[in-house]
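# Observations on the three-dimensional arrangement
Given next are the chains, with one letter for each unit.
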Amino acid sequence: MAAAGAVPALPRVCRQAWEPVLARARRAVVFLDAAAAEALHWAGGGAGELLAAGALAVRPLPADELPAGAERAVFVLSGPLRGGAAAAVRAVLSAGGVRHCALLCGEAEGGGPGELEETLRLWMGEGGRAEVLPRGPSLFAPLSAELGLLPALTGLVPPPAYPRPGGPAELGLGALPDALRGAVRGLVAELDALFGAMGLREECFAVGALSRVLAAELAGFAPARNRRRAAANRASVVFVDRTLDLAGAVGHHGDNLAEKILSVLPKLPGHKTDVMVNMVELTALQTPDEACSIIAPGCLAQPNPAAKALWESFMNLKQKEAVMEARRHLVEAASRENLPIKMSMGRVTPEQLSSYIQLFKNNFRALENHCGLLQLVLAAVQTLKHPQISKWDNFLAFERLLLQTIGESEMPSVLNQLLPMIKSYSERMQDDYTCEDFFVLLVYMYSVVGEIKNGEEVDKAEEEVKKALVKAICDEPELSPLLQKTTGCNSALNLTSQKATDAVDNIFKLLRDIARARMHMKQFNSIHNPGSNTHQASYKPLLKQVVEEICNPDRPDSVDIEHTSSGLTDLLKTGFSMFMKVNRPHPGDHPLLIIFMVGGVTVSEVKMVKDLVATRKPSTQVIVLSSALLTPQGAIEQLFAADHPQPDPDV
């Protein structure tokens, strides 16, 4: 076994994944699927990096057309070469122009590089040369030094319900529907590739049913077992099911600028995480069009070190400190460019930041040197001026009131409190909640309350809320994308009262499943602190409870953080510990802690984990991984708009 060394930084490992592609980009057209493009966007400077390496062009897959005269092609797929991805690659190669191609893709079961190369040559026709690039680290998107996302698996979400009589403890890979089983296997292969690049020898732990399946699959994955024998850097990997605590995903707890930017600004086209920043303020263009599609939008992912540092500040500092940091960076940049900046102390306002940005407007050299920084400050300014921001504070106040009411009253009275606030479109004022806003509040309520006792009073209160929501949905003049997906109607003209009723009934079934999600937990069965005469009721994040347990110096045996054995040695150790003084594996044992949130994580949760570990176990390095970065609206869309294939009770 190799001697333990420093674990390479996550952004550096993510960057390594692109080195084989950059080495073969010269005089080639590079084709990327959406998830690979998003990973490159955060890891390696985007398409500009490929063009700088000599690529003729960068094209999305599926491709509309092949640039004329292009004989070389490089394909980058976030998953294996099959299904739609295989059809898209075949369409390009069958067009007849490409004579040499290289492919970087995920591992396909049963198909080695030789077979894939033969398939590619067959698609190109006689005389074509094909190369399958060895898969290095996974195509993760590193949003910061401690946070990595896997854009290819945003659909990996724990099912909200477990219909099996024995509960989720009995759930296994065979019981999962095909799509979810494929996603689990895909994630295991991606994590194995990432951990191989980091030289890790990990112990696997799980909190929740789908997490248990993932931990077992990774622990027993044959390539991972071989890798662990030679690896030296010890790590604990803890998988946590998102559905155990959805209040953390839809809540507005964090005083965090990055979270607000991601929540209120429109998404960058084709991206799941990054947003569009309106750049008109830096031009001489006068337009009433707020979106202004003439000017290319800015974004948050920036390769420039100063811009990266400011983005980390947005993620890790409180909002007030983050905007002060934005001002400091702008002042320093303006001073370096000899721009006539007047430094002012005191509170930082969006208007003040805008006035500083204006100094760069007509100075092209300064614009070019500090373009990344200006995009991030503009994102902050546009967010702070956004009408949704005042609503954010309203949500926070109402969530605190709900926590207090839940502690003092039963569920029917909590629902009755919500009822008068549900208003139709014609009755709503600017600060009133929309139908989607009520979905957010309902998910928060049901997740915090936990298992609800059935009874006539609860059923009656739910029916009243359902009726009010159906009326509000039917009165919408235009259906939002979320309402279109939940009702199955692409226009308000096609919406009937029955369709709205069915959609709301399905939502309430899902809410009841959400409330039951922790019923099998013994230690982490509550995320609500009811308060006392001296303390207000509060939300107790499940992830915080898990990390506190991991960092507990007494190393207690946690009943809800389950260890998954990876072989005979672990099984023997677990067995002997019943009779002898053998320490069972504990997630706090190793110098690196990796938490994988299955189903998405929020910026506030990443910051909370970092701060907790730094305080309680300062010698431990922590990395948070997930499939998606959630905002309240994004979490609701993931829950209500997506199909949730259920585990098979008969497997």
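Refer to the preceding data block for the structure.
I will try to describe carefully the structure that is included in this document. The model shown is predicted, which means the values in this text are computed figures rather than measured ones.

## Examining the nonpolar core
One finds Phe314, Tyr446 and Phe640 to be the most contacted residues of the largest nonpolar core, which totals 130 residues. Top element by residues in this core is helix 19 (residues 435–449). It accounts for 11 residues. The contacts of phenylalanine 640, once residues within four sequence positions are left out, are Phe439, Val443, Leu482, Thr486, Ile507, Leu510 and Leu511. Listed in part, the 58 residues of the second largest apolar core include Leu22, Ala39, Leu139 and Ile623.

## Section: the pairing of strand 8 (residues 200–207)
Burial within strand 8 is extensive, with seven of its eight residues counted as buried. The pairing of strand 8 with strand 9 (residues 233–241) spans eight bridges and is parallel. For phenylalanine 205, the partnering residue across the bridge sits in strand 9 and is valine 238. Both strand 8 and strand 12 (residues 562–564) contribute to a ladder of three bridges, which runs antiparallel. Considered in strand 12, the bridge of phenylalanine 205 is made with histidine 563.

## Focus on unusual backbone geometry
Here the amide bond leading from leucine 61 into proline 62 is cis, since omega sits at 0 degrees, within 30 degrees of zero. On the secondary structure map, proline 62 appears in the loop between strand 2 (57–60) and strand 3 (72–76). Even without being a glycine, arginine 27 presents a positive backbone phi close to 60 degrees. The topology assignment puts arginine 27 in the loop between helix 2 (19–23) and strand 1 (29–32). In this structure arginine 27 comes out as exposed when scored by relative accessible area, which is 52%.

## Focus: the sheet that holds strand 13 (residues 592–598)
Spatially, 6-7-14-13-9-8-12 is the arrangement adopted by the seven strands of the open sheet, whose pairing is mixed. Every interior strand has two partners, whereas the edge strands, strand 6 (141–142) and strand 12, have only one. Sheet topology places strand 13 next to strand 14 (residues 621–626); six bridges connect them, and they run parallel. In the sheet register, isoleucine 594 faces strand 14, and the bridge partner there is isoleucine 623. The strands touched by helix 8 (residues 209–220) within the sheet are strand 8, strand 9, strand 12 and strand 13, with strand 8 carrying the most contacts at an inclination of about 155 degrees.

## Some remarks on the side chain of threonine 405
Relative to the helices and strands, threonine 405 is located in helix 17 (residues 388–408). Residue threonine 405 is classed as buried on the basis of its relative accessible area, which comes to 10%. A polar contact is formed between the side chain of threonine 405 and the side chain of glutamine 417, at a distance of 3.3 Å. Sequence-distant contacts of threonine 405, defined by excluding residues within four places in its chain, comprise Val414 and Gln417.

## Notes on the environment of valine 458
Tracing the sequence through the fold places valine 458 in helix 20 (residues 456–474). A relative accessible area of 6% means that valine 458 is categorised as buried. If near-sequence neighbours (up to four positions away) are discounted, valine 458 is found in contact with Pro412, Ile452, Lys453 and Arg512.

## Overview of helix 17
Here helix 17 contains 21 residues, and its C-alpha end-to-end distance of 30 Å stays within 8% of the 30 Å for a straight helix at 1.5 Å per residue. Taken together, the buried positions of helix 17 are Ile389, Lys391, Trp392, Phe395, Leu396, Phe398, Glu399, Leu402, Leu403, Thr405 and Ile406.

## Considering the state of the cysteines
Under the counting rule described, the total for this entry stands at zero disulfides. Of the cysteine sulfurs around cysteine 435, a residue in no disulfide, the closest is that of cysteine 474, at 9.4 Å. Residue class for cysteine 435 comes out buried when judged on its relative accessible area of 1%. Cysteine cysteine 551 shares no disulfide, and the gap to the nearest cysteine sulfur, in cysteine 204, comes to 18 Å.

## A word on the pairing of strand 3
Of all five residues in strand 3, four are buried, a share of seventy percent or more. Both strand 1 and strand 3 contribute to a ladder of four bridges, which runs parallel. The partner of valine 30 across the bridge, within strand 3, is valine 74. As judged from the five bridges shared by strand 3 and strand 4 (residues 100–104), these two strands associate in the parallel manner.

About the criteria used
Residues numbered from 1 in each chain as written. Predicted model: local features only at pLDDT ≥ 70, side-chain atom pairs only at ≥ 80, totals over all residues. Heavy atoms only, no water. Core = buried A, V, L, I, M, F, W, Y, C linked by side-chain atoms within 4.5 Å. Buried < 20%, exposed > 50% of the residue type's maximum accessible area, 1.4 Å probe, protein only. Helix = DSSP H or I, 4+ residues; strand = E, 2+ residues; numbered from the N terminus. Contact = heavy atoms within 4.5 Å. Pairing = 2+ DSSP bridges. Axes fitted to C-alpha atoms, helices over the stretch in contact; angles between N-to-C directions. Polar contact = N/O pair within 3.5 Å; in protein donor to acceptor, adjacent residues only side chain to side chain. Expected span 1.5 Å × (residues − 1). Disulfide = S-S within 2.5 Å.

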